Amino acid sequence: MQLTLDEISILCVYSAMVVYAIAFIAFSIDLAKRSAAATAATDAALVEAKQAVAVGAASDATAGTGSTATAAPGASARPSKTAAGTGTGAVAYGRSPSLRVGVAMTVLAWLLHLTADVTRGFAAGRVPWANMYEFALTGTLIITTVFLVVIVISKHDLRFLGTFVTGLVLVLLGVAALNFYVSPIPLPPALQSVWLVIHVFVASASVGLFALGFALSVVQLMQSRREALLDTAKAAKATFLATLPDSVTLENLAYRVNIIGFIMWTFTLMAGSIWAEKAWGRYWGWDTKEVWTFIIWVVYAGYIHARATRGWRGSRSAWLAIIGFSAVLFNFTVVNLFFKGLHAYSGL
Amino acid sequence: MSPQSDPGAPSRPADHIDSVEPDAAEASVTGPKLGFVGWVRFGWRQLTSMRTALLLLLLLAIAAVPGSLVPQRSSDPNGVTQYFDDNPRLAPILDSVQMFDVYTSAWFSAIYLLLFVSLIGCIIPRTKHHFEALRARPPRTPVRLSRLAGFTERELPVSTGSTSDAAAEASIDAASKQLRQAGYRVERYALRGEPSVSAERGYLRETGNLVFHTALLGVLVAVGFGGGFGFSGQRVIVEGQTFVNTLAAFDSFNPGRFFNDTRLTPYRLSLENLDAVYETRNQDAIGQPIDFTAHVTVQGQQGEAEERTVKVNEPLYTHGTDVYLLGNGYAPTITVKNAAGEVVFTDAVPFLPQDANLTSIGVVKVPDGMPEQLGMVGFFYPTQSELTTGAYTSSYPDLILPVLTLNVYEGDLGIDEGTPTSVYTLDPSTMEQLTGGDTGVDSIELKPGETAELPNGLGTVTFDDATPESSSTDAADGDYSQSVPRFASFDIHHDPTQIWVLIFAALILGGLLVSLFVPRRRMWVKAVTKPDGRVVLEYAALARGEDPGLEEAVTSFADKHAGPRPSPVE
């Protein structure tokens, strides 16, 4: 059987989706195991406390110190403020076999994905990001790439984000393959420019970074809610969150990822303007896509300001990052498909 | 702006996370006693606060949204007309709140102008402060370094035959030198006989921040003025025709506020031919445009004619103007003769494309030489094919089987009063339809080279074959490829401040990179005499703004300066 390059590309896309699905399941199992580990640690602390009571030791002693328990046992065996006060309160948790499987499968899926993208490019005889199917293909590849790069270089173990990343990539890739697919066709004159290579690639890269920043901000919000519960000494359920970095660390990580995304977005906007001047005769014309690029830029500028504003650092600024990424997704899907404008390159 | 006790710190609005928390008691005392000046000052402080800037930023983002939901006059005037037709009740209400001109509306302008006033109020004092900080010495070494970030200690190496004091002095000297080499500004201090060096780096962070914000302002000003001094005009040119860059020659012209037409440099621009290439092999993209190239000659008042090209992504920069190829189509050559056989109209008439296969609509107006004024509405199909309904359509954008159909109207064209009317539309309200529609007379249908009788013996109409005589085949041989001239639709712009926008944009990007990635930090090295007489070196640092690598930087400096910390096992 003789396959064309594009058929090979499609085959790779579907294979990658299967492997992403396996990775997603593995990462999910890992999250479940984290919850179990957190519960076990709480239980262990509880047992320890009971034993301490049984042997008549002072029940308010810090029996939990030195252990990896999340909770210093009190009479009611609630996680107390002291354990969470330093911002740790974390259950030590190594890398479970399912986490390793998840990462390995993500790497494999990434290789298939990369092959799909490259063969698509060769099939079309140009860069593979000139219509919506190709944007999705390349954009999701970049999301995975950014994730893999970040887990290699980051001092913190961010593998737990795998569930989000593989899930998002799987959904986007699935929608793209089923609904956005168009066969490779040549570029219309308006897209025949070196700026297609630069502008669209940098835009996709910043989307990859914003996606990761979004995930971190969501986890940060969940974590800070849990920390608030711990602080008020209300019972906080032992969830996988206990095994993750504290909310301040998550916020700092989200910020670092988002500012790189923001700089790239700024560049995207400028490169787009230069291209617009060449192709449409004006560098800025409030075309719908330009409007949304501007809105996203302003929202992330607001996010950066919010982080430097007293009373806004923390959860409030995290919400802005979440709104920002929602706008990015809106820009990519709804604006591309339903809004009238000059960026009519979905190919659909 | 709250004046801060620390002169080296960048000045920030009072609610910036890095500035000193205001004293609540003090604020409540001054609260009720505000005079006029007090209120102005209070208002100004509110406007220039971080919280207001943030609020205005978010408002700006929200205010920009409606412009993407409702068509805008600036980018889509036809969409606005359509919107008024489709929503006759809603549209005037939206129009009354400037929803069709969002980006020039009073409310949108108010938001960004307030934002920029807030910005100016923020950057002026900060710039002043930053200039002072650039000349200031790094501040005195704190008494206790152990509370600061990255605090670490190292043994002072004392070589034999040297006092510990001398060794401490030498070591601090060396630290100063190394810090200076690492880009720090350094200052020696001696506190109670303990030598120390205070160092600060990363002034560029604040510089970048100020450059970024000032350049934003620059873009706003440049865009504001650029619109004022420039112009943009549109002109349709048929192959073989010439345009002269003068006001009267434009089809439409939008001058800026400060523009006057003596600024137009007259030059001639002739369209020799327009090459259009369409996909023919890829089954999924048959007829998709591959390339449009307009071959033009440009000639100034003095000087030779130059042959140039204009392509979609490659505008022509000539005589201070930018010429863009923004559209193209067909301009069938139509000749009308009256009953006496005299030519009353002959011209290549640009037909506006309606779809990707260039089904096009055009209008012929014959004001004189006929018993009554004559109008014709025409459809042109470069490759005619018939739908199942019997209607015609074009199935390919190139000239394979070109067909022109015409509906004839007789009466008053409505052009005699001198009111400007579009050359692309015909108002049939004062005219009588003679062919097509409900008249019972078939529309006139022509291929290149063919002539038809007008109804009621009015005369004839001819669709001229424009194939050059040098060509070996023409329409009569079934080769229609050159039978209909094309037109190019050019936009001609002049924007003197465009280059400034680019420069400011580059400054924005550069300023942003520097302000987000250059760490501003202070570092101190101090030789401390312990109660037991031992002298140790202390290292610590302080972040001024975001600085994730701070502690690592202290450790690595200490390692470099005094060697790695001995592990606790030893």
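Residues numbered from 1 in each chain as written. Chains lettered and ligands numbered in written order. Predicted model: local features only at pLDDT ≥ 70, side-chain atom pairs only at ≥ 80, totals over all residues. Heavy atoms only, no water.

1. What about the overall build of chain B?
Next, step 1: Secondary structure summary: chain B contains 11 helices and 26 strands in total.
Next, step 2: For chain B, the C-alpha radius of gyration of 38 Å lies well beyond 25 Å, the compact-globule estimate for 570 residues.
Next, step 3: When the backbone C-alpha atoms are referred to their principal axes, chain B occupies close to 125 × 65 × 55 Å.
Next, step 4: In chain B, which comprises 570 residues, the proportion classed as buried is 46%.
Next, step 5: Excluding contacts between residues fewer than 6 apart, the proportion of contacts in chain B whose partners are at least 24 apart in sequence is 61%.
Next, step 6: One way to put it: in chain B the 42 positive side-chain charges average out to a point 26 Å from where the 68 negative ones average out. (Helix = DSSP H or I, 4+ residues; strand = E, 2+ residues; numbered from the N terminus. Rg over C-alpha atoms; globule rule 2.2 N^0.38 Å. Buried < 20%, exposed > 50% of the residue type's maximum accessible area, 1.4 Å probe, protein only. Contact = heavy atoms within 4.5 Å. Lys, Arg positive; Asp, Glu negative; His and termini not counted. Charge placed at Lys NZ, Arg CZ, Asp CG, Glu CD.)

2. Considerations on the nonpolar core
Next, step 1: In this structure, L161, L196 and W297 of chain A together with F108 of chain B are the most contacted members of the largest nonpolar core, which totals 131 residues.
Next, step 2: Counting residues per element, this core draws most heavily on helix α7 (residues 247-280) of chain A, which supplies 16 residues.
Next, step 3: In this structure, W297 of chain A is in contact with F262, W265, T266 and L269 of chain A together with F212 and L216 of chain B, ignoring residues within four places of it in sequence.
Next, step 4: Membership of the second largest hydrophobic core comes to 54 residues, among which are L325, Y330, F351 and I492 of chain B. (Core = buried A, V, L, I, M, F, W, Y, C linked by side-chain atoms within 4.5 Å.)

3. Comments concerning unusual backbone geometry
Next, step 1: The backbone of W286 of chain A shows a phi angle near 50°, a positive value even though the residue is not glycine.
Next, step 2: Its place among the elements puts W286 of chain A in the loop between α7 and α8 (288-307).
Next, step 3: Residue classification places W286 of chain A among the buried residues on the basis of a relative accessible area of 19%.
Next, step 4: Of note in the backbone geometry, L358 of chain B takes a positive phi value of approximately 60° without being a glycine.
Next, step 5: When you line up the elements, L358 of chain B lands in the loop between β14 (352-353) and β15 (360-366).
Next, step 6: For L358 of chain B, a relative accessible area of 9% translates into the label buried.

4. Structural notes on the packing of aromatic side chains
Next, step 1: Applying the stated criterion to the full structure yields 36 aromatic pairs over all chains.
Next, step 2: Residues F231 of chain B and F259 of chain B carry aromatic rings whose centres are separated by 5.1 Å and whose planes lie at 55° to one another, so their mutual orientation is tilted. On the criterion of sequence distance, the pair formed by F231 of chain B in strand β4 (residues 231-238) and F259 of chain B in the loop between β6 (252-255) and β7 (268-278) is long-range, its members being 28 residues apart. The pair formed by F231 of chain B and F259 of chain B is uniform in burial state, with each residue classed as buried.
Next, step 3: Look at F380 of chain B and F463 of chain B: their rings are 6.1 Å apart centre to centre, the planes differ by 85°, and that puts the pair in the edge-to-face class. Placement of the pair is F380 of chain B in strand β16 (residues 373-381) and F463 of chain B in strand β23 (residues 459-463), with a sequence separation of 83 residues.
Next, step 4: Over the ring of Y255 of chain A we find R307 of chain A; its NZ or CZ atom is 4.0 Å from the centre of that ring.
Next, step 5: Here R185 of chain B stacks its cationic end above the ring of Y203 of chain B, 4.3 Å away from the centre of that ring. (Phe/Tyr/Trp six-rings, centres within 6.5 Å; stacked < 30°, edge-to-face > 60°. Lys NZ or Arg CZ within 6 Å of the ring centre and 35° of its normal.)

5. Points about the confidence of the model for chain A
Next, step 1: In this model, chain A carries an average pLDDT of 83, and 85% of its residues clear a pLDDT of 70 or more.
Next, step 2: Segment residues 57-88 of chain A is flagged for pLDDT under 50; beyond a separation of four residues in sequence, or across chains, it makes 40 contacts in the model. (pLDDT = per-residue confidence, 0-100.)

6. Some thoughts on the side chain of T106 of chain A
All names here are of chain A.
Next, step 1: Relative to the helices and strands, T106 is located in helix α3 (residues 97-124).
Next, step 2: A relative accessible area of 0% places T106 in the buried class.
Next, step 3: With residues near it in sequence (within four places) discarded, T106 still touches A23, F27, T144, F147, L148 and T166.

7. Quick look at the sheet that holds strand β2 (residues 185-191) of chain B
Residues and elements named next belong to chain B.
Next, step 1: As summarised here, the arrangement of the 5 strands in space is β1-β26-β25-β3-β2, forming an open sheet in which the pairing is antiparallel. Of all strands in the sheet, those bounded by a partner on one side alone are β1 (149-155) and β2. Adjacent strand axes in the sheet meet at a mean angle of 15°, parallel and antiparallel pairs treated alike.
Next, step 2: Contacts from helix α8 (residues 164-181) reach β2, β3 (194-201), β25 (521-529) and β26 (535-543) within the one sheet, and its direction differs from that of β3 by about 5°. (Pairing = 2+ DSSP bridges. Axes fitted to C-alpha atoms, helices over the stretch in contact; angles between N-to-C directions.)

8. Brief notes about the interface of chain B and chain A
Next, step 1: Contacts between the two partners involve 59 residues from chain B and, on the opposite side, 53 residues from chain A.
Next, step 2: Summed over both partners, the interface of chain B with chain A buries about 4700 Å², with 66% contributed by carbon and sulfur atoms.
Next, step 3: Viewed at the interface, chain A and chain B are joined by 3 salt bridges.
Next, step 4: We note a salt bridge from E552 of chain B to K155 of chain A, for which the minimum N-O separation is 3.7 Å.
Next, step 5: Across the chain B-chain A interface, the total number found is 17 residue pairs in polar contact (both at pLDDT 80 or more). (Buried area = accessible area lost by both parts, 1.4 Å probe. Salt bridge = Lys/Arg side-chain N within 4 Å of Asp/Glu carboxyl O. Polar contact = N/O pair within 3.5 Å; in protein donor to acceptor, adjacent residues only side chain to side chain.)

9. A short note on the pairing of strand β13 (residues 343-348) of chain B
All names here are of chain B.
Next, step 1: Alignment of strand β12 (residues 333-338) against β13, held across 5 bridges, turns out to be antiparallel. For T335, the partnering residue across the bridge sits in β13 and is T346.
Next, step 2: Linkage of β12 to β13, two consecutive antiparallel strands, is achieved through a turn of 4 residues, within which G341 is found at a positive phi near 85°.

10. With respect to helix α6 (residues 194-231) of chain A
Next, step 1: If you check α6 of chain A, its first and last C-alpha atoms are 55 Å apart, about what 38 residues at 1.5 Å a residue would give, namely 56 Å.
Next, step 2: Sitting at the head of α6 of chain A, S193 of chain A places a side-chain oxygen 3.0 Å from the backbone nitrogen of W195 of chain A. (Expected span 1.5 Å × (residues − 1).)

11. With respect to the domain arrangement of chain B
You'll often see interface size given as the accessible area lost when the parts meet.
Next, step 1: One can read the domain layout of chain B as domain 1 (36-128), domain 2 (137-202 + 519-562), domain 3 (210-227 + 498-518), domain 4 (231-328 + 490-494) and domain 5 (333-463).
Next, step 2: Between the C-alpha centres of domain 1 of chain B and domain 5 of chain B the distance comes to 47 Å. (Domains from an automatic or database assignment.)

12. Regarding the packing of helix α4 (residues 132-153) of chain A against α6 of chain A
Residues and elements named next belong to chain A.
Next, step 1: Their axes nearest at 8 Å, the elements α4 and α6 cross at an angle of 50°. The orientation of α4 relative to α6 falls into the category oblique. At the point where α4 passes α6, the crossing takes the right-handed sense. In contact with F135, G139, I142, I143, V146, F147 and V150 of α4, α6 contributes V200, F201, S204, A205, G208, L209, A211 and L212.
Next, step 2: Class assignment of the residues belonging to the contact of α4 with α6 gives a composition of 12 nonpolar, 3 polar and no charged. (Parallel < 35°, antiparallel > 145°, perpendicular 65-115°, else oblique. Left-handed = near helix turned anticlockwise from the far one by under 90°. Nonpolar A, V, L, I, M, F, W, Y, C, P; charged D, E, K, R; others polar.)

13. Remarks on a negative patch on the surface
Next, step 1: A cluster of like negative charges, contributed by D368, D412, D416 and E417 of chain B, occupies part of the molecular surface.
Next, step 2: Among the structural elements, D412 of chain B can be located in the loop between β19 (403-411) and β20 (431-433). (Patch = residues over 30% accessible without salt bridge, like charges linked within 9 Å, V, L, I, M, F, W, Y side chains within 5 Å. Areas by Shrake-Rupley, 256 points an atom, 1.4 Å probe, with all protein chains shown as cover.)

14. Considering the confidence of the model for chain B
All names here are of chain B.
Next, step 1: Within chain B, residue pLDDT values average 86, and 94% of them lie at 70 or more.
Next, step 2: Of all secondary-structure elements in chain B, the lowest mean pLDDT belongs to helix α1 (residues 24-30), at 48, while helix α10 (residues 498-517) reaches the highest, 93.
Next, step 3: Here residues 25-31 scores under 50 on pLDDT; set against residues more than four positions off or in separate chains, the count is 0 contacts.

15. Here's the deal with the sheet that holds β6 of chain B
All names here are of chain B.
Next, step 1: With antiparallel pairing, 5 strands are arranged side by side in an open sheet as β6-β4-β24-β11-β10. Only two strands of the sheet have a single neighbouring strand rather than two, namely β6 and β10 (316-318). Here the strands of the sheet are splayed against their neighbours by 25° on average, with no regard to which way each runs.
Next, step 2: Of the strand pairs in this sheet, β10 and strand β11 (residues 321-330) are connected by 3 bridges, and their pairing is antiparallel.

16. A few points about a nonpolar patch on the surface
Residue and element names in this part refer to chain B.
Next, step 1: Together, I499, W500, L502, I503 and L507 make up a nonpolar patch on the protein surface, roughly 460 Å² of accessible area in all.
Next, step 2: Residue position: W500 is located in helix α10.
Next, step 3: With relative accessibility at 46%, the residue W500 sits in the partly exposed group.

17. As for the pattern of salt bridges
Residue and element names in this part refer to chain B.
Next, step 1: Under the defined criterion, the tally for this structure stands at 28 salt bridges over all chains.
Next, step 2: Of the charged contacts in the structure, one is a salt bridge between R137 and E187, with a shortest N-O distance of 2.8 Å. Taken together, the residues R137 in the loop between α7 (106-135) and β1 and E187 in strand β2 connect sequence positions 50 residues apart.
Next, step 3: We classify R137 as exposed; its relative accessible area is 53%.

18. A look at the environment of T425 of chain B
Residue and element names in this part refer to chain B.
Next, step 1: Tracing the backbone through its elements, the reader meets T425 in the loop between β19 and β20.
Next, step 2: A relative accessible area of 47% places T425 in the partly exposed class.
Next, step 3: Considering only alpha carbons, one finds T425 and G362, 63 residues apart in sequence, at a separation of 7.5 Å.
Next, step 4: When near neighbours in sequence (up to four residues on either side) are disregarded, T425 contacts V363 and K365.

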